[in-house]
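For reference, the chains in residue letters:
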Amino acid sequence: MTDPTEDIPEVDYVEGTGVPIRGNDIDTDQIIPARFMKVVTFDGLGEFAFFDLRFDDEDDPKDHPFNEERFADANVMVVNANFGCGSSREHAPQALMRWGIDAIIGESFAEIFAGNCLALGIPTLTADHETINELQQWVDDNPDGQLEIDVPDETVRYGEEEVSVSVDDAQRKALVEGIWDTTALMKANEQAIAETAAGLPYLNAN
Amino acid sequence: MSQGTLYDKVWDRHKVTTLPNGQDQLFIGLHLIHEVTSPQAFGMLKERDLEVARPDLTHATVDHIVPTADQSRPYSDDAAERMMAELEENARDAGIQFSDPTTGDQGIVHVIGPEQGITQPGKTIVCGDSHTSTHGAFGALAFGIGTSQIRDVLATQTIAMEKQKVRKIQVDGELGEGVEAKDIILEIIRRLGTEGGVGYVYEYAGEAIESLGMEGRMSICNMSIEGGARAGYVNPDETTYEWLAETDEFADDPERFEELKSYWESIRSDADAEYDDVVHIDASELEPMVTWGTTPGQGVGIHDPIPAPEDLPEDKADTARRAQKHMRVEPGETMEGYDIDVAFLGSCTNARLPDLRRAARVVEGRQVADDVRAMVVPGSQRVQRIAEEEGLKDVFEAAGFDWRNAGCSMCLGMNDDQLEGDEASASSSNRNFVGRQGSKDGRTVLMSPRMVAAAAITGEVTDVRDLEEVQLA
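Values in this document were obtained by computation on a predicted structure and should not be read as measured data. Note that residues are indexed from 1 along each chain, following the sequence as it is written. Whichever chain is written first is A, and whichever ligand is written first is 1; the rest continue in order. Local features in this predicted model are restricted to residues whose pLDDT is 70 or higher, and side-chain atom pairs enter the listing and the counts only when it is 80 or higher, whereas totals over whole chains, interfaces and linings include all residues.

Quick word on the overall build of chain A
- For chain A, the count of helices and strands is 9 helices and 8 strands.
- Buried residues are those with 20 or more other C-beta atoms within 10 Å of their own C-beta, exposed residues have 12 or fewer, and partly exposed residues lie in between; C-beta atoms are placed from the backbone. Counting all 206 residues of chain A, 51% fall into the buried class.
- Contact between two residues is assigned whenever their backbone-derived C-beta positions fall within 7 Å. Looking at chain A alone, contacts between residues at least 24 apart form 70% of all its contacts between residues at least 6 apart. Only DSSP runs of H or I with at least four residues qualify as helices, and only runs of E with at least two residues qualify as strands; both kinds are numbered from the N terminus onward.

Comments concerning the overall build of chain B
- Scanning chain B from terminus to terminus reveals 15 helices and 19 strands.
- The C-alpha atoms of chain B give a radius of gyration of 21 Å, which matches the 23 Å a tight globule of 473 residues would have.
- Expressed as lengths along the three principal axes of its C-alpha atoms, the size of chain B is roughly 55 × 55 × 45 Å.
- Counting every position in chain B, which comprises 473 residues, the buried fraction comes to 62%.
- Within chain B, contacts between residues at least 6 apart in sequence are counted, and of these 77% link residues at least 24 apart. Radius of gyration here uses only the C-alpha atoms, and the compact-globule reference equals 2.2 Å multiplied by the residue count raised to the power 0.38.

A look at the interface of chain B and chain A
- Taken together, the contact pairs 66 residues of chain B with 52 residues of chain A.
- Tallying contributions element by element places helix α5 (residues 147-156) of chain B first for the side of chain B that touches chain A, with 7 residues.
- Classifying every residue of the side of chain B that touches chain A gives 20 nonpolar, 28 polar and 18 charged. Gly counts as polar in this scheme, as do all residues outside two lists: the nonpolar Ala, Val, Leu, Ile, Met, Phe, Trp, Tyr, Cys and Pro, and the charged Asp, Glu, Lys and Arg.

Some points on the domain arrangement of chain B
All names here are of chain B.
- The domain architecture assigned to chain B consists of domain 1 (6-266) and domain 2 (291-466).
- Boundaries between domains were set according to an automatic or database domain assignment. Here the C-alpha centroids of domain 1 and domain 2 sit 24 Å apart.
- Contact residues are listed per partner, giving 38 residues for domain 1 and 35 residues for domain 2.
- Put simply, the parts of the chain that give the side of domain 1 that touches domain 2 at least two residues each are α4 (109-116), α6 (181-192) and α8 (214-222).

Digging into the pairing of strand β6 (residues 147-150) of chain A
Residue and element names in this part refer to chain A.
- Where burial is concerned, the two faces of β6 differ: the one with Leu147 and Ile149 is buried and the one with Glu148 and Asp150 is not.
- Two strands make a pair as long as DSSP finds a minimum of two bridges between them. Two strands pair when backbone bridges link them, and strand β1 (residues 13-16) and β6 are joined in this way by 4 bridges, in the antiparallel orientation. Looking at β6, one finds that Tyr13 is bridged to Asp150.
- The loop that links β6 with its antiparallel partner strand β7 (residues 155-158) comprises 4 residues; one of these, Glu154, has a positive phi angle of about 55 degrees.

Some words on the sheet that holds strand β12 (residues 277-282) of chain B
All names here are of chain B.
- The strand order across the open sheet formed by 4 strands is β11-β10-β9-β12, and the pairing between neighbours is parallel. The sheet is open, and its two edges are formed by β11 (231-233) and β12, each paired on a single side. Sheet twist, expressed as the average angle between the axes of neighbouring strands with direction ignored, equals 20 degrees.
- As judged from the 6 bridges shared by strand β9 (residues 165-172) and β12, these two strands associate in the parallel manner. All axes here are fitted lines through C-alpha atoms, helices being fitted over the stretch that makes contact, and every angle between N-to-C directions spans 0 to 180 degrees.

Regarding the nonpolar core
All names here are of chain B.
- Any nonpolar core is a set of buried residues, restricted to Ala, Val, Leu, Ile, Met, Phe, Trp, Tyr and Cys, that join up through C-beta atoms within 7 Å. Counting 215 residues, the largest nonpolar core has Val290, Ala343, Val363, Val452 and Ala456 as the members making the most contacts within it.
- Counting the residues that make up this core, at least three belong to each of domain 1 (6-266) and domain 2 (291-466).
- In this view, Val290 contacts Gly299, Val300, Ile302, Met335, Val445, Leu446, Met447, Met451 and Val461; residues no more than four positions away in its chain are not counted.

Observations concerning the pairing of strand β3 (residues 30-33) of chain B
All names here are of chain B.
- Where burial is concerned, the two faces of β3 agree: the one with Leu30 and Leu32 and the one with His31 and Ile33 are both buried.
- Bridge analysis of β3 against strand β6 (residues 124-127) gives 3 bridges, and the strand direction is parallel. Each residue of the ladder has a partner; that of Leu30, found in β6, is Ile125.
- In the sheet, β3 pairs with strand β4 (residues 58-61) via 3 bridges, with the strands oriented parallel.

Some thoughts on the environment of Tyr202(B)
- You can see Tyr202(B) is positioned in strand β10 (residues 200-205).
- Once the C-alpha coordinates of Tyr202(B) and Asn405(B) are considered, the two residues, 203 residues apart in sequence, prove to be 33 Å apart.

Things to note about the sheet that holds strand β8 (residues 158-161) of chain B
Residue and element names in this part refer to chain B.
- Pairing is antiparallel in the open sheet, where 3 strands are placed in the order β1-β2-β8. Pairing within the sheet leaves two strands with one partner each, and these edge strands are β1 (15-18) and β8. Along the sheet, successive strands turn relative to each other by an average axial angle of 25 degrees, direction set aside.
- Pairing between β1 and strand β2 (residues 24-27): 3 bridges, direction antiparallel. Bridge pairing links Lys15 to Leu26 in β2.

Let's talk about unusual backbone geometry
- That bond from Arg73(B) to Pro74(B) is cis: its omega, -10 degrees, falls within 30 degrees of zero.
- Within the fold, Pro74(B) resides in the loop between β4 and α3 (78-94).
- In the Ramachandran plot, Asn82(A) falls in the positive-phi region, its phi being about 55 degrees despite a non-glycine side chain.
- Inspection of the secondary structure puts Asn82(A) in the loop between β3 (76-79) and α3 (91-99).
- On the basis of neighbour count, Asn82(A) is assigned to the buried category, with 29 C-beta atoms found within 10 Å.
- The phi dihedral of Asp49(B) is positive, around 60 degrees, even though this residue is not glycine.
- Mapped onto the elements, Asp49(B) comes out in the loop between α2 (39-47) and β4.
- When the 6 C-beta atoms within 10 Å are taken as the criterion, Asp49(B) is described as exposed.

Here's the deal with helix α15 (residues 449-458) of chain B
All names here are of chain B.
- Counted residue by residue, α15 has 10 buried out of 10 residues, so it is predominantly covered.
- Within the span of α15, buried status applies to Pro449, Arg450, Met451, Val452, Ala453, Ala454, Ala455, Ala456, Ile457 and Thr458.
- Buried positions along α15 lie against β13 (289-291), β15 (342-345), α12 (353-363), β16 (373-376) and β18 (424-427).

Describing the packing of α12(B) against helix α14 (residues 392-399) of chain B
Residues and elements named next belong to chain B.
- In contact at an axis separation of 9 Å, α12 and α14 are set at 40 degrees when each is read in the N-to-C sense. As summarised for this structure, α12 and α14 are arranged oblique, according to the angle between their axes. For α12 against α14, the interelement crossing comes out left-handed. Where α12 approaches α14, its residues Leu356, Arg357, Ala360 and Val363 are matched on the opposing element by Leu392, Val395, Phe396 and Ala399. Any angle that falls under 35 degrees is termed roughly parallel, while one over 145 is termed roughly antiparallel, one within 65 to 115 roughly perpendicular, and all others oblique. Definitions for this section: a left-handed crossing has its near helix turned counterclockwise from the far helix by less than a right angle. A right-handed crossing has that turn clockwise.

Observations concerning the packing of α2(B) against α5(B)
Residue and element names in this part refer to chain B.
- For the pair α2 and α5, the least separation of the axes is 8 Å and the interaxial angle reads 55 degrees. Between α2 and α5, the angle falls in the class oblique. Between α2 and α5 lies a crossing whose hand is right-handed. Contacts between α2 and α5 involve Gln40, Ala41, Met44 and Leu45 on the former and, on the latter, Thr147, Ile150, Arg151, Leu154 and Ala155.
- When the residues that make up the contact of α2 with α5 are grouped by side-chain class, the tally is 6 nonpolar, 2 polar and 1 charged.

Remarks on helix α9 (residues 238-245) of chain B
Residue and element names in this part refer to chain B.
- Among the residues of α9, Thr240, Trp243 and Leu244 are the ones counted as buried. The buried residues of α9 all sit within an arc of 95 degrees when viewed along its axis, so they share a single face. When the buried face of α9 is taken as reference, the exposed residues oriented beyond 90 degrees from it are Glu238 and Glu242.
- The inward-facing, buried residues of α9 contact α8 and α10 (254-266). An arc is given here, and it is the one of the directions from the helix axis to the C-beta atoms.

Below you can see the structure in the form of structure tokens.
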């Protein structure tokens, strides 16, 4: 049998420029308002990322980092606490990814959101409040400055600095070894799945 | 790590193996799907030339986009019609049972699972919807998943997950009159924070939880995710079994019921189970709760002052400031008397029969305030049918409420039911996020169904206990 994970890229290193998104508790309704979810594919969601924060009632742009030319090519988002709380909609990381985001560094992430990011190969790295504030400020001051994220080493390098970040163990292993797309990985265990099911009373009673 | 809890036991029974990335592969006993988060997953499956592994353990409904007024097909909203048609096709092609509106069984996914008896203790239940935690009320291990995980479940009937910690939330004492399950969970989230539950599963226990009916337990488990906990549960007991015995699954099959009951009993948390954390709450101290802000953690007793941002922990102060600006409230004031434009009685949190019955007792013989749009959206077609038979529809309509068909409706504004401009709503739903109810300037005040009823009558946030001659018991 072929290796079920051979086509999945390893995500051990992300480099690029950053964009600061400030504020705690930025929920998934902010990241992608529900009215843009009336679709049957994820295509084209990128332009709706943070839509209500970016545009007013007349669809005129408001002040938001995603509207700023200097951040237009950014691929690393720097956020604060409890980012992505709320609904389970994968539309949220899908929209960010399609806008151009490859990695997110923040104080903390809502669980389902982080899981959804992992399923797309987007690392979610955490650091303390002070580190994040400094990083956001640096990114703001240096929109063309390169960030280098080393996932296995759990470090971010920018300017003259190198800071430690944390990546959840399973996430790190999955990204670094290229086993973050779990369908094929789990499909390979069909025998064990059948055995587990055979032991469940509610599937076998009468 | 926890030991001997329902979570540990159900996890172990469903664990297939440990994956190379260190996550566990868990078998899923019930996969619920709806029109918003599943079509992309079916698309991914087709791309990979994979089939649905266990259509027999998959159940579909339509809830998020379904219109609650005119439901004739094709829906007037083309996007909604396309999503519905896509779900119909996917369900048909894969042989998945679909509780569509023609069956009389349609409704919000977290209402119909329990109603039909497919939500059961000791099952693992997933759905592409964060309020899947609702099903934990039955002692199921239930949580929301993203679309790539839906693909995983469709293709393998399993999911990759890391085991989490278990926090027991012990709610002792007795609720006062006019105080209910919704107030308990709003207090829990207020106290532990919107991210306090990240990394945890919540076990709700204690006298105040045990004395709740299944609907109240569902309201509490439903909002676990608002406190950051992906799953929450209540150990199954006689209340749970009484509910199950009457469902489609078991009404005609008492033998199977008895056989499974021993399994259900076996997965209850042991008396000497070990928890990673225990929190105590005294139910007798609770008042009706309302939110003053834009996260469900920004709640307050109806007679308590709205907190000053500077008095909150530093990491909550900024959010509070923005929230108070958006809501146009001042620290030190109470929410009592806050003008509302819309009263929404619905959602997977609070649109079941007892919710509607209690609210109906509040509005009976009264009139919705002038300038207030009030609507009742039953959680399912079954709820709707029984409520109509009981005369609840007549009570609500006589009071000036709009009586609608089942769906998610104004909880998240994916159909025509939306706030307009800066309207304020008294809402029995679960999220007061900016923009949640369809208008980015809209203002949402979360509360129990009876408090929504009271607000509809007076046109402002009101302590339901202050209305004269209201039957609260």
